[in-house]
Amino acid sequence: MFSNYLIGLREGLEASLVVCILIAYLVKTGRRDALRPIWIGVAVAVALALGFGCALEFGSQELTFEAQEALGGSLSVIAVGLVTWMVFWMRRTARHLKSELHGKLDAALQMGTGALVATAFLAVGREGLETSLFVWTSVHAAGDGTPRPLIGAALGILTAVLLGWLFYRGALRINLSKFFTWTGGMLVVVAAGVLAYGFHDLQEANWLPGLTDRAFDISDTIAPDSWYGTLLKGVFNFQPDPTVLQVTVWLLYLIPTLALFLAPVGFASGKGKVKAPDEQGSRPSKAPQA
């Protein structure tokens, strides 16, 4: 439940901040007439996300067990890829999100109502589709038949909406860079569990080998039906008897991804590199003009 709350909170807050920034900019520039297209775009994006989630849930019920596992495993891998891209993108752009959105909105205002609807739709729709996909894969991985994952996601989204409203009213000052760094790091850990369970689904669908090759089995120590076993399962998709492939995939994803995510911004691209004195002095000087 906590992992889905975190997903709903992070994705929902990102969408809420985007909408608040767009609305605040329109209000401050005296363009209240453009608010309606923004809300239309938001409503269409929310409807699309809900429809996508319903299609995943009810469409998968008509499939065979192997097909369900293959679908769940494939979507888990896709969801992890999207979430990984999202946390790295937000880590780079959180500080400049407002100026970037203002530029896009200025261009949309010049193009007309349709462009405003599209701006709001694209800003919210991406987060909505990612949330639906990631929550569905988490619910599928949990497999306990309870509504707790959905309740957790809904509470996270409601919290995000409240924080977004407080942010708009000026009652809350959030250090976006630190917030997205902490939640992004936690989401990377959650995504590692979803990815490992996704590979387990692909093994059950007979797409990958090694279903009976257990890395370890501590079911006697951490019973899956115990409260702490359920907690670990809900937060980290922990499994007391994972396969060798699951543990391998978990480690290969978590360690390098988390290390790269926590590295200083610009580390991978070499930004901020200071030139050595000999490099700075190696440039040929201009010859004096006569």
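Our subject is the structure that appears above.
Outline the side chain of threonine 243, supporting the account with residue identities and numerical values.
Structurally, threonine 243 can be placed in the loop between helix 8 (227–236) and helix 9 (244–262). According to the relative accessible area criterion, threonine 243 is buried, its value standing at 0%. Residue contacts for threonine 243: discarding those within four places in its chain leaves His200, Gln203, Gly210, Leu211, Asp213, Arg214 and Ala215.

I'd love a proper account of helix 9, names of residues and values included.
An ideal rise of 1.5 Å per residue puts 27 Å on 19 residues; helix 9 measures up with 27 Å between its terminal C-alpha atoms. Within the sequence span of helix 9, burial applies to Gln246, Val249, Tyr253, Leu254, Thr257 and Phe261. One face of helix 9 carries all of its buried residues, which in axial projection span an arc of 110°. For helix 9, the exposed residues set more than 90 degrees away from the buried face come down to Leu252 and Ile255.

Quick rundown of unusual backbone geometry? Include the residues and the values.
Of note, the phi angle at asparagine 206 is positive, near 65°, even though the residue is not glycine. Among the secondary structure elements, asparagine 206 is positioned in the loop between helix 7 (176–204) and helix 8.

Got a sec to walk through the nonpolar core? Specific residues and values, please.
Of all hydrophobic cores here, the largest spans 26 residues; its most connected members are Val80, Val83, Val87, Phe134, Leu187 and Tyr253. For this core, the secondary-structure elements that each account for two or more residues are helix 1 (2–28), helix 3 (65–93), helix 5 (113–142), helix 7 and helix 9. In this structure, tyrosine 253 is in contact with Val80, Thr84, Val188, Ala191, Ala192 and Leu195, ignoring residues within four places of it in sequence. With 13 residues, the next largest nonpolar core counts Ala15, Val18, Leu22 and Ala34 among its residues.

So what's going on with the side chain of histidine 200? Residues and values would help.
Here histidine 200 shows up in helix 7. Not counting the four nearest positions on each side in its chain, histidine 200 is found in contact with Leu211, Arg214, Gln239, Thr243 and Gln246.

Definitions and limits used
- Residues numbered from 1 in each chain as written.
- Predicted model: local features only at pLDDT ≥ 70, side-chain atom pairs only at ≥ 80, totals over all residues.
- Heavy atoms only, no water.
- Helix = DSSP H or I, 4+ residues; strand = E, 2+ residues; numbered from the N terminus.
- Buried < 20%, exposed > 50% of the residue type's maximum accessible area, 1.4 Å probe, protein only.
- Contact = heavy atoms within 4.5 Å.
- Expected span 1.5 Å × (residues − 1).
- Arc of directions from axis to C-beta.
- Core = buried A, V, L, I, M, F, W, Y, C linked by side-chain atoms within 4.5 Å.

The quantities given are spatial measurements derived from coordinates; they are silent on function.
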